[in-house]
Each structure stands twice: as C-alpha cells, then as structure tokens.
Amino acid sequence: METAMNFQEQIKQGIPSVLPQAKAYPADANRAPKRKDILSVDEKQLAVRNALRYFPKEWHQELAVEFAKELKDFGRIYMYRFKPSYHMQARSISDYPAKCQQAAAIMLMVENNLDPAVAQHPEELITYGGNGAVFQNWAQYLLAMKYLSEMESDQTLHLYSGHPMGLFPSSEDAPRVVVTNGMMIPNYSQPDDWEKFNALGVTQYGQMTAGSFMYIGPQGIVHGTTITVMNAFRKVLSKGEKPQGKIFLTAGLGGMSGAQPKAGNIANCVTVCAEVNANAATKRHQQGWVDELIDNMDELVARVKAAQANEEVVSIAYIGNIVDVWESFYEQEIFIHLGSDQTSLHNPWSGGYYPVDISYEESNRLIREEPEVFKTKVQETLVRHAEAVNKHTARGTYFFDYGNAFLLEASRAGGDVMAENGIDFKYPSYVQDILGPMCFDYGFGPFRWVCASGHSEDLDKTDAIAASVLKKIMADSPEEIQQQMQDNITWIEDAKQNKLVVGSQARILYADAQGRMEIAKAFNDAIESGEIGPVVLGRDHHDVSGTDSPFRETSNIYDGSRFTADMAIHNVIGDSFRGATWVSIHNGGGVGWGEVVNGGFGMLLDGSDAAERRLKSMLLFDVNNGIARRSWARNEEANFAIKREMARTPKLKVTLANVVEDDILNKLSF
Ligand SMILES: NC(=O)c1ccc[n+]([C@@H]2O[C@H](COP(=O)([O-])OP(=O)(O)OC[C@H]3O[C@@H](n4cnc5c(N)ncnc54)[C@H](O)[C@@H]3O)[C@@H](O)[C@H]2O)c1
C-alpha cells in the first residue's frame, strides 16, 4: 500500500502498482483558477485518451470518468488522485534515492518548486504567475522522479513540457536532464493555443523558473526590485545625494509587486505603494514587508510630508487607488523622485487593474456582471492615470514602466503616453533605462545557488565566501562596474538579517561572468575541503543572456534583433555541452505565451575536478553569449564588457560592430 511505504520507496515506485484511493482536495489549498473550456467534444475525448496513456488498462474505466470530471470542473486533468502523500519540500540531497548525486540534486529542486510554502497552487503543480507549471499532472511528476532515482551518470532524461519521454544513454559530461516547455511551431503560439494544447495534455507554460525547477521563492524578486530602485535613484540624484526622504511612488502589493516596499526600505527611500485590495495590503503589513498602513488621503499626505522633512526610510501602504495618490500629491505639491506602477496590466479586464472612484467590491461585481462597463471604466482611469503622471514628470519626476504593460494599455486606452515619433513611448521601461544598460550589458544578472545539504550554516558560509570573493574582485574592477559590485556586496552582507529564505537554503545576487565563475570556484573548493556540502548553481532566466523578450529583457536592443530568439537557443545548446547538469528552454514567461523564449541551466557543484572544469567553461559562455549579442547590437556598455572579457580570455574571439556616423546615413535617399 502507498501509505505504508517510506519516502524513498514511494519515489522509486513511480506510478503505484495498486490504484490509490480517490482524494478530496485540501480545503485550505490555494487552487488554480478554472481554465478556459476550449476543447470540442472530440478533443475532450482525446484529452482523456492522452491522460490514460500513463496507466494500465484495468484502471481505465474508473479513471476515464474521473479525468473527464476534472476536465469539466477545472479545465485541465491534474490527476489529483496520484499526488503523493509525503510532504513536498526540498530535503537534504542525501535523503533522495539516487544512483548519482546530480539526479538527487534535480529531485531536490523539483520538490522545492512544489513545496506549498513556495508554490502558488501546489495541488495543480503551479509554482508562480498563475500558470507557471513544473509538470502538467501528477503522473508526470511520479514518472520523472522514478527515472531520476534510476538514472546513472551516463544517461539523460528528456522532458517534453513535463512529460518524461524517457532515459537515453549519453555520457558523464552530458546534462542529466533536458527540459523543453511550450515549444510550439511558431504559427501555433497564440494564447488560445496554450489553452487548447495544455488542455490536451501535450504542452505546458513553464514561466521562467518554474518549469526549470529554479524558482527560489520571493527572494529573487526582492533582489531584482532593490537593484532597480537603487539604480533608478542613481539616475535622478546628483552625486552625494542620498535616497533618504525621497519618494518612490508605485502601486500593487500582490505576488511580485509586494516586494516593492521591502526593496524600497533596503534602498533607503520613502516608498508609497497604493493597493486597492485591503486584504493584500494587510497581508504584506503582517508579513513585515511594508511598515505602515494608511487608508485616508489626508493622513497619507501629512505622513509623507513628515517623512520627507525628516529624511526617513519608511514604506507606507495606502489602501486605495493609485490614481488618487498621483492626483492628490500633485495638488499638495509633494515632489516624487521616482514613479512607477506594478498593477497587473498584463491582465487589464479581469481584475489586474482597478478603476478609480469605484469601490473594490463594486468593481468586482462589474467584472462579473457588466464586463463592458468595467472595461470602459478601466480605460477612463488609465487616461487619468497617464495625465496625472505627465503633470508630475513635467515637474521633474522620473517615471519608468515596470514590465507590467502600463504604457501599452494606457496608450491603447488613448492616454497621452506616446513619444513624438508616434512609435515609442514617452517613458522608458525598467530594462531600457536601468537594468539593461546598468546591469545586463555589463554581464550582471541574477546568479543564484541552493545549499543541497539543507543546512542554514552552509548558506551562512556561502554568503561569507561570496562576499569575500566579490570584495577581492572589486579591488581591481574598473570604475564602470564598481557600483554594481558594491551593491551586491552590501546585499549579501545584509541578506541573512533580511530573512529572505523560503523553502530551500537559497541565495541570489547579481554578478558578472568573472564574479559568477570565481564565486562558483570558491564554493567548489569549500565543498572539496569538506567545509560545506554540495551546492546547486542556477539563475533566473531574467538575465543578460538566455531570454529573448522584445518588451522586457531585450528591450534595450535597438538593431531590430530583439524580435529574434537566437540568443536563447544558443544559450541553452551552448550550456548543455559545456557541463550544465540540466538545461531548459521555454516559450512564454512573465510577459505571455508567444512573447518570449527563455532558457536556463542548473549545475551541481560536488567539489570534484570535473565540476571545476564545467563551471569555468559553462559560466563563461552562459554570460558572454548575451554580452556578445548586446555588443553586436552596438550597446556601448556591452562593447566595453566583451572587450574586457576577450582580454581576460584569449580563446574568446567575438565579432565586434563598426559604428557608422549618423551624417552618412542622413544624407542617403531611399
Ligand atoms: N517586479 C518585477 O520585476 C516585474 C517584472 C516584470 C513584470 N512585472 C509585472 O508586474 C505586475 C504585477 O505582478 P504581481 O505578481 O504583483 O501581480 P498581482 O496581480 O499579484 O498584484 C497586482 C496588485 O495591484 C493591485 N491593483 C490593481 N489596480 C490597482 C489600482 N488602480 N490601484 C492600486 N492597486 C491596484 C491589485 O489589487 C493587486 O493586488 C505584473 O503585470 C507583472 O508581470 C513585475
């Protein structure tokens, strides 16, 4: 019987030999939304036929009825009955039944991404973003874990959108797992194609880090937001001026946006964050992610004026609509240094963005009962929102789009946000102006690691190792990257006290190729000497390399190539033969299905010479592939970085761009 087996036996068994009892869903689970009912009757039959492929014939009668009901009730077949009874969490690497450590490391990361403390909808195998899946169903999970437990160090598991196609003979230097998620024939990559082919059970939305087992909880978003806010202040403040008492006004205290006040505190400014949903605001306050809660505009104005005058570092949640804050602060002549927005405008008509002058409850009623009225109210609000922002920017506020489609939807609604050329927006996105030129073009990006022993002491030791490596590198760094180095040294030194760990013992920081390689080498040495246990390396796909996304990661590419996806493909193929333990390539991340191709890797460091050889070869390529492409697009910072890397690495020879004078082009007639 399933329950009589211990954890290791359950993993090794895969799909149980005896049909488990049907299960009721836990009453308190945060369930995924019901998906679109998009399949025809014939296609529904095909979806059930597909699902039954995983099970012996004797079970088909019973399971067919159950899966048809799941399809009806949830729009997908998750096979809840097969969810294992053990608690899903990152265990110590030695707890996994495995014939090679690399396979055990992957199991650990899979489980971390399904841990209810980490995952958004764990029953439906969704890690974040509402749709970021690790597997499509529980049969895929059980089979994949079984294969990993049987895998030897010269075999590779191929996962097709969560489906384990099988273990294939390979070599010790090959990746142990190759993951593809949502890779479609390009003409079949519209949002409804995802709905249809996911419902059929043949593809899935891997988001960026969910389907590559590399999500590490909210720490990643806190770090990215902190880096963005700090660098945005640098753009607007004069040398020597401090962010204390200066205002960062934004909106949203939801999944990712909730990181804004915490990041603002770390960046030392006054954060004012509007949130229409009182429950979301209260939750963030209770979690300690925002310092103060205010639901009255007069009180907010008085409090913010005091915080400015006293040069405070504080974060304030205003329970109400962001448009009211922009308008009132204008009337009250409160100067805003930084302005942005992180409402969910990628989803404007069903609750991502709430209209002004209508209560939260009434808005929700309109969404359900009068969607056309709701849409009009949202559009009117967006026009007002843009108008209020424009008035502040005329006074000197620096406003940037936070990758949430604010400018896109405001322009579609008729808001005054277009630049004079009628093509671009008036305001930059956070990647165009901040992360692109200040971080990605120099190779700085979200390097992360997980201590596979599960011991918090190992994380403390790796924090200390990383800090000392970065300090040593910084001593010889050129002026251009000193600030990034310093920010990340400060971050890592404060990381423990900022209590960022949820799930596995994980850490993130931004480092360039040299930083990533030297930190990884120092970890590998510490593992070899027995100071710490094995470490898994990886990165967010939101990085210098790996992700082709014309309106986000590669939005500061101006040679037309931002609509191509060659870089992401080269990254994942290049990483795979340079020593990655697993590689993944995905269609669709935070900006939507069909809008981005992103790839990444995981790498186990076990203290061996082979691990040292692999980390040096793979990390060098992983970062510099992106810098080379950015440099070829004529980005000056990337050109600087790739020339520096070529001087450091004689075997690297990258094609450099010649820059033509505008005068020559302006005289041409076409
Ligand atoms: N932080 C990042 O680095 C980053 C990067 C890229 C994209 N994004 C984007 O940011 C957006 C937010 O993501 P999320 O996970 O936090 O979404 P979410 O839906 O969990 O949170 C958005 C919040 O905004 C609130 N809101 C909506 N309209 C409002 C209004 N008019 N005034 C005040 N509050 C309002 C909602 O109540 C909700 O709580 C998404 O579009 C996401 O793609 C963030």
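A quick note: this is a predicted structure, and the numbers were derived from the prediction, not measured.

Details of the overall build of the protein chain
For step 1, the next point in the chain: Scanning the protein chain from terminus to terminus reveals 22 helices and 17 strands.
For step 2, the next point in the chain: Scaling as 2.2 N^0.38, a compact globule of 670 residues should have a C-alpha radius of gyration of about 26 Å, and the protein chain matches this with 25 Å.
For step 3, the next point in the chain: Along the first, second and third principal axes, the C-alpha atoms of the protein chain reach 70 × 65 × 60 Å.
For step 4, the next point in the chain: The 670 residues of the protein chain split such that 59% are buried.
For step 5, the next point in the chain: Considering only residue pairs separated by 6 or more positions, the protein chain has 70% of its internal contacts joining residues 24 or more positions apart.

What about the sheet that holds strand β10 (residues 338-339)?
For step 1, the next point in the chain: Taken together, the six strands give an open sheet; going across it, the order is β8-β9-β7-β6-β10-β11, and neighbouring strands pair in parallel fashion. Two strands in the sheet have a free side with no partner beyond their single neighbour: β8 (292-294) and β11 (398-399).
For step 2, the next point in the chain: When strand β6 (residues 247-251) meets strand β7 (residues 270-275), the two strands line up parallel, connected through five bridges. When the bridges of β7 are listed, A251 appears paired with A274.
For step 3, the next point in the chain: Most of the contacts of helix α9 (residues 278-286) go to β8, to which it runs at about 160°, and overall it touches β7, β8 and β9 (314-319).
For step 4, the next point in the chain: Helix α10 (residues 297-309) rests against β6, β7, β8 and β9 of the sheet, and its axis sits at about 165° to β9.

As for the nonpolar core
For step 1, the next point in the chain: The biggest cluster of nonpolar side chains holds 141 residues, and the ones touching the most others in it are F55, F82, Y141, W449, L509 and L537.
For step 2, the next point in the chain: At nine residues, the largest contribution of residues to this core is made by helix α4 (residues 101-114).
For step 3, the next point in the chain: Counting residues in hydrophobic clusters, the runner-up holds 39 residues, among them A274, Y318, V356 and A388.

Section: the site of the ligand
For step 1, the next point in the chain: As a matter of local geometry, the ligand sits amid 25 residues, with G255, S257, E275, S344 and H346 nearest to it.
For step 2, the next point in the chain: Take V276: an N or O atom from its main chain is 3.3 Å from a nitrogen atom of the ligand.
For step 3, the next point in the chain: The protein chains hide 89% of the 870 Å² of surface that the ligand would expose on its own.
For step 4, the next point in the chain: Of the residues belonging to the shell around the ligand, the class tally is nine nonpolar, 14 polar and two charged.

Looking at the pairing of β7
For step 1, the next point in the chain: Taken across its six residues, β7 has six buried, putting it largely inside the fold.
For step 2, the next point in the chain: What you see with β7 is no split at all: V270, V272 and A274 on one side and T271, C273 and E275 on the other are buried throughout.
For step 3, the next point in the chain: Viewed along the sheet, the connection from β6 through helix α8 (residues 259-266) into β7 turns out right-handed.
For step 4, the next point in the chain: Sheet analysis places β7 next to β9, joined by six bridges and oriented parallel. Within β9, the residue paired with A274 across the bridge is Y318.

A look at the pattern of salt bridges
For step 1, the next point in the chain: In total, this model carries 37 salt bridges according to the counting rule given.
For step 2, the next point in the chain: For E493, the salt bridge goes to K471, with nearest N and O atoms at 2.6 Å. Taken together, the residues span a long stretch of sequence, with E493 in helix α17 (residues 479-494) and K471 in helix α16 (residues 456-475) at a distance of 22 residues.
For step 3, the next point in the chain: Close ionic contact of R629 with D548 constitutes a salt bridge, the shortest N to O distance being 2.5 Å. Of this pair, R629 sits in helix α20 (residues 609-632) while D548 sits in strand β15 (residues 547-548), and the two are 81 residues apart along the sequence. The two residues R629 and D548 agree in class, both being buried.
For step 4, the next point in the chain: Beyond isolated ion pairs, a larger network of salt bridges with shared partners links E362, R365, E369 and E370.

Focus on the pairing of strand β14 (residues 535-539)
For step 1, the next point in the chain: Across the five residues that make up β14, a large majority, five, are buried.
For step 2, the next point in the chain: Residue alternation in β14 divides its side chains into two sets, V535, L537 and R539 and V536 and G538, and both sets are buried.
For step 3, the next point in the chain: Pairing of strand β12 (residues 445-451) with β14 involves five bridges; the strand directions are antiparallel. Following the sheet pairing, V450 is matched in β14 by V536.

A closer look at the packing of aromatic side chains
For step 1, the next point in the chain: Counted under the stated rule, the structure contains 30 aromatic pairs.
For step 2, the next point in the chain: Between F447 and W449, the aromatic rings sit 6.0 Å apart at their centres with planes inclined by 50°, giving tilted as the arrangement.
For step 3, the next point in the chain: The buried category is assigned to F447, whose relative accessible area is 1%.
For step 4, the next point in the chain: Site record: aromatic cluster; members linked through ring pairs are Y54, F55, W59, F67 and F82.
For step 5, the next point in the chain: Its end group placed over the ring of F7, R91 keeps NZ or CZ at 3.7 Å from the ring centre.
For step 6, the next point in the chain: Above the ring of F621, the side-chain terminus of R578 is found at 4.1 Å from the ring centroid.

Some details on the packing of helix α19 (residues 566-576) against α20
In a packed pair of helices, the relevant descriptors are the angle between the two axes and the axis-to-axis distance.
For step 1, the next point in the chain: Contact geometry for α19 and α20: axes closest at 9 Å, N-to-C directions at 165°. One way to sum up the angle between α19 and α20 is to call them roughly antiparallel. Crossing of α19 against α20: the hand is right-handed. Mapping the contact onto sequence places M567, H570, N571, G574 and D575 in α19 and M618, F621, D622, N625, G626 and R629 in α20.
For step 2, the next point in the chain: Looking at the contact of α19 with α20 residue by residue, the classes come out as three nonpolar, five polar and three charged.

Basis of the calculations
Residues numbered from 1 in each chain as written. Predicted model: local features only at pLDDT ≥ 70, side-chain atom pairs only at ≥ 80, totals over all residues. Heavy atoms only, no water. Helix = DSSP H or I, 4+ residues; strand = E, 2+ residues; numbered from the N terminus. Rg over C-alpha atoms; globule rule 2.2 N^0.38 Å. Buried < 20%, exposed > 50% of the residue type's maximum accessible area, 1.4 Å probe, protein only. Contact = heavy atoms within 4.5 Å. Pairing = 2+ DSSP bridges. Axes fitted to C-alpha atoms, helices over the stretch in contact; angles between N-to-C directions. Core = buried A, V, L, I, M, F, W, Y, C linked by side-chain atoms within 4.5 Å. Near = heavy atom within 4 Å. Polar contact = N/O pair within 3.5 Å; in protein donor to acceptor, adjacent residues only side chain to side chain. Areas by Shrake-Rupley, 256 points an atom, 1.4 Å probe, with all protein chains shown as cover. Nonpolar A, V, L, I, M, F, W, Y, C, P; charged D, E, K, R; others polar. Right-handed = clockwise from strand over helix to strand, strands pointing away. Salt bridge = Lys/Arg side-chain N within 4 Å of Asp/Glu carboxyl O. Phe/Tyr/Trp six-rings, centres within 6.5 Å; stacked < 30°, edge-to-face > 60°. Lys NZ or Arg CZ within 6 Å of the ring centre and 35° of its normal. Parallel < 35°, antiparallel > 145°, perpendicular 65-115°, else oblique. Left-handed = near helix turned anticlockwise from the far one by under 90°.

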